[in-house]
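Chain residues, written in single-letter form:
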Amino acid sequence: DMHGKKISLAHNGSSPSFIRSLLPYLDYVAIDFKGATPDEIARRSSTTVNPSSIDNIIQIIDMCQQANVLVDVRTVIFGDTTMDDLDRIAGRLTGYNNIFWTLRKYSPIDGCNFLPALNDIRFMADYLSNTYGLPVGYRDKWIGCNFYIAGFRKTG
């Protein structure tokens, strides 16, 4: 901050201490929330299972909430992603006023064997936004600026 600049950071959520060290300089953090369970996160990341992976993500969101840093939570929607998976993630994201949840439709990549997303992610985003009172957006393509904001209606 000595040069009057702040930074944004994209992070996988694995290291709260790293984020803590940069927190005074951050305006914005994008963090991956790749699955509803540590096993799912490990499968999507091609890493070993870290039982604290979800707790680490939540700890980072908590730190950012206290520091008034905006968090874009990013979840890729695969062909085998279920609404139950997303409900479980949404349950962990409620109660924050500094987050925006972005759903991204998976597009096949050579060398990866993940199922392509055939789901209508607009329906998913609208459902999650209206059910949990969360600001949710979605990208249906990885190239270009096809970004949409779901029908957000904060209740209560």
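Here, every reference points to the structure presented above.
Residues numbered from 1 in each chain as written. Predicted model: local features only at pLDDT ≥ 70, side-chain atom pairs only at ≥ 80, totals over all residues. Heavy atoms only, no water.

Caption draft 1: Main features of the overall build of the protein. When its secondary structure is counted, the protein shows five helices and six strands. Reading the protein from its N end, one meets helices and strands in the order β-α-β-α-α-β-α-β-α-β-β. Expressed as a percentage of its 156 residues, the buried residues of the protein come to 40%. Considering only contacts within the protein whose residues lie at least 6 apart along the sequence, 61% involve residues at least 24 apart. Carbon and sulfur atoms form 53% of the exposed surface of the protein, whose accessible area is close to 8700 Å². (Helix = DSSP H or I, 4+ residues; strand = E, 2+ residues; numbered from the N terminus. Buried < 20%, exposed > 50% of the residue type's maximum accessible area, 1.4 Å probe, protein only. Contact = heavy atoms within 4.5 Å. Areas by Shrake-Rupley, 256 points an atom, 1.4 Å probe, with all protein chains shown as cover.)

Caption draft 2: Examining empty space enclosed by the protein more closely. Under the defined criterion, the tally for this structure stands at one cavity of 30 Å³ or more. Considering only enclosed or pocket space, the largest cavity measures out at about 60 Å³ in volume. Lining the largest cavity we find Lys-34, Gly-35, Ala-36, Glu-40, Arg-44, Thr-75, Val-76, Phe-78, Thr-81, Asp-85, Leu-86 and Ile-89. Breaking the lining of the largest cavity down by element, the ones donating at least two residues are helix 2 (38-45), strand 3 (70-77) and helix 4 (83-93). Among the residues forming the lining of the largest cavity, the class breakdown is five nonpolar, three polar and four charged. (1 Å grid on protein atoms, 1.4 Å probe; cavity = no way out; pocket = protein on both sides within 12 Å on 5 of 7 lines; lining within 4 Å. Points joined across faces, edges and corners; volume = space filled by probe spheres on them. Nonpolar A, V, L, I, M, F, W, Y, C, P; charged D, E, K, R; others polar.)

Caption draft 3: Representation of the environment of Gly-13 in the model. Note on placement: Gly-13 falls in the loop between strand 1 (7-11) and helix 1 (16-22). On the basis of relative accessibility, which here comes to 2%, the residue Gly-13 falls in the buried class. Between the C-alpha atoms of Gly-13 and Ile-31, which are 18 residues apart in sequence, the distance is 5.9 Å.

Caption draft 4: Layout of helix 5 (residues 121-132). For helix 5, built from 12 residues, the straight-helix expectation of 16 Å at 1.5 Å per residue is met to within 8% by its first-to-last C-alpha distance of 16 Å. Residues Ile-121, Met-124, Ala-125, Leu-128 and Ser-129 constitute the buried set of helix 5. Angularly, the buried residues of helix 5 cover 120° about the axis, an arc narrow enough to put them on a single face. Looking at the packing, one finds that the buried side of helix 5 touches strand 3, helix 4, strand 4 (99-105) and strand 5 (136-139). Looking one or two residues past helix 5, Gly-133 carries a phi angle of roughly 65°, positive in sign. (Expected span 1.5 Å × (residues − 1). Arc of directions from axis to C-beta.)

Caption draft 5: Fine view of the nonpolar core. Within the largest apolar cluster, 36 residues are counted, with the highest numbers of intra-cluster contacts made by Ile-61, Val-73, Leu-93, Trp-101 and Leu-103. Counting only elements with at least two residues in this core, the list comes to strand 2 (26-32), helix 3 (53-66), strand 3, helix 4, strand 4, helix 5 and strand 5. Looking at this core, the element that brings in the most residues is helix 3, giving seven residues. Not counting chain neighbours up to four residues away, the residues in contact with Leu-93 comprise Phe-33, Ile-61, Val-73, Ile-99, Trp-101 and Leu-134. (Core = buried A, V, L, I, M, F, W, Y, C linked by side-chain atoms within 4.5 Å.)

Caption draft 6: Seen up close, the packing of helix 4 against helix 5. In the contact formed by helix 4 and helix 5, the axes pass within 11 Å of each other and the chain directions differ by 40°. With respect to the hand of their crossing, helix 4 and helix 5 are arranged in right-handed fashion. On the side of helix 4, the interface is formed by Met-83, Leu-86, Asp-87, Ala-90 and Gly-91, while helix 5 contributes Met-124, Tyr-127, Leu-128 and Tyr-132. Its residues assigned to classes, the contact of helix 4 with helix 5 comprises seven nonpolar, one polar and one charged. (Axes fitted to C-alpha atoms, helices over the stretch in contact; angles between N-to-C directions. Left-handed = near helix turned anticlockwise from the far one by under 90°.)

Caption draft 7: Structural detail: the pairing of strand 4. A large share of strand 4 lies buried, amounting to six of its seven residues. Pairing of strand 3 with strand 4, which is carried by seven bridges, proceeds in the parallel orientation. For Arg-74, the partnering residue across the bridge sits in strand 4 and is Thr-102. The parallel pair strand 3 and strand 4, bridged by helix 4, forms a crossover whose chirality is right-handed. (Pairing = 2+ DSSP bridges. Right-handed = clockwise from strand over helix to strand, strands pointing away.)

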